[in-house]
Amino acid sequence: TKSLSTDGYNSIQIGYYETSFKALNKPLLGHLKKVNAPAFKHLREYKTELDSKFETGQIISADLFSVGQMVNVTGNSIGKGFSSTQKRHNFAMGPLTHGSKNHRAPGSIGAGTTPG
């Protein structure tokens, strides 16, 4: 835990996905052994409002939350890169044979008059 008096903000560090000790590097092993924590593959720090609510070595489970309680969840989606019009908009492919060079090109996407 980090406190407002020593670090300037309150936060806790949560570890998840327990793994073997040989899968971690020595600095991370030393950090975990200092607080007698098991070998966690992932460690993340989260800012909190209350400093005294959490203790070192405390196990946090879903029992901490009540039914119907609102929880803020954030995350990053995995980037898919540039996707073609077939994948993104379900367009049909062009002819693949007879010298056609219009295999995955979008081609015409509709009339240009409004309203038709």
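It should be emphasised that the depicted structure is a prediction, and the values quoted were computed from it without experimental measurement.

Scanning the chain from N- to C-terminus turns up three helices and two strands. In sequence order, the chain lays out its α and β elements as α-β-α-β-α. Buried residues in the chain amount to 14% of all 116 residues. If you take every contact in the chain between residues at least 6 apart in sequence, the share linking residues at least 24 apart comes to 42%. Across the chain, the mean location of the 14 positive side-chain charges is 21 Å away from that of the 7 negative side-chain charges.

In this section: a nonpolar patch on the surface. Residues I60, L64, F65, V71 and V73 make up a contiguous nonpolar surface patch of roughly 470 Å² in combined accessible area. Take I60: it is sitting in the loop between β2 (40-47) and α3 (85-89).

Attention shifts here to unusual backbone geometry. Although it is not a glycine, Y17 sits at a positive phi angle of roughly 65 degrees. Within the secondary structure layout, Y17 lies in strand β1 (residues 11-18). Residue classification places Y17 among the exposed positions, given a relative accessible area of 55%. At N90, a position not held by glycine, the phi torsion is positive, near 60 degrees. Position of N90 among the secondary structure elements: in the segment after α3. Classification of N90 as exposed rests on a relative accessible area of 68%.

So, on to the packing of aromatic side chains. According to the stated counting rule, one finds zero aromatic pairs in the structure shown. A cation sits over an aromatic face here: K33 above F21, 5.8 Å from the ring centre. Between the NZ or CZ atom of K47 and the centre of the ring of Y9, over which it lies, the distance is 5.1 Å.

Let us now look at the environment of T1. Counting through the fold element by element, T1 comes out in the segment before α1 (4-7). With a relative accessible area of 55%, T1 lands in the exposed category. In the structure, T1 is positioned 58 residues away from I59 in sequence and 14 Å away in space, judged by C-alpha atoms. Dropping the residues within four chain positions of it, T1 is found in contact with S11, I12 and F54.

Cut-offs used in this document
Residues numbered from 1 in each chain as written. Predicted model: local features only at pLDDT ≥ 70, side-chain atom pairs only at ≥ 80, totals over all residues. Heavy atoms only, no water. Helix = DSSP H or I, 4+ residues; strand = E, 2+ residues; numbered from the N terminus. Buried < 20%, exposed > 50% of the residue type's maximum accessible area, 1.4 Å probe, protein only. Contact = heavy atoms within 4.5 Å. Lys, Arg positive; Asp, Glu negative; His and termini not counted. Charge placed at Lys NZ, Arg CZ, Asp CG, Glu CD. Patch = residues over 30% accessible without salt bridge, like charges linked within 9 Å, V, L, I, M, F, W, Y side chains within 5 Å. Areas by Shrake-Rupley, 256 points an atom, 1.4 Å probe, with all protein chains shown as cover. Salt bridge = Lys/Arg side-chain N within 4 Å of Asp/Glu carboxyl O. Phe/Tyr/Trp six-rings, centres within 6.5 Å; stacked < 30°, edge-to-face > 60°. Lys NZ or Arg CZ within 6 Å of the ring centre and 35° of its normal.

So yeah, pure geometry; function would need other evidence.
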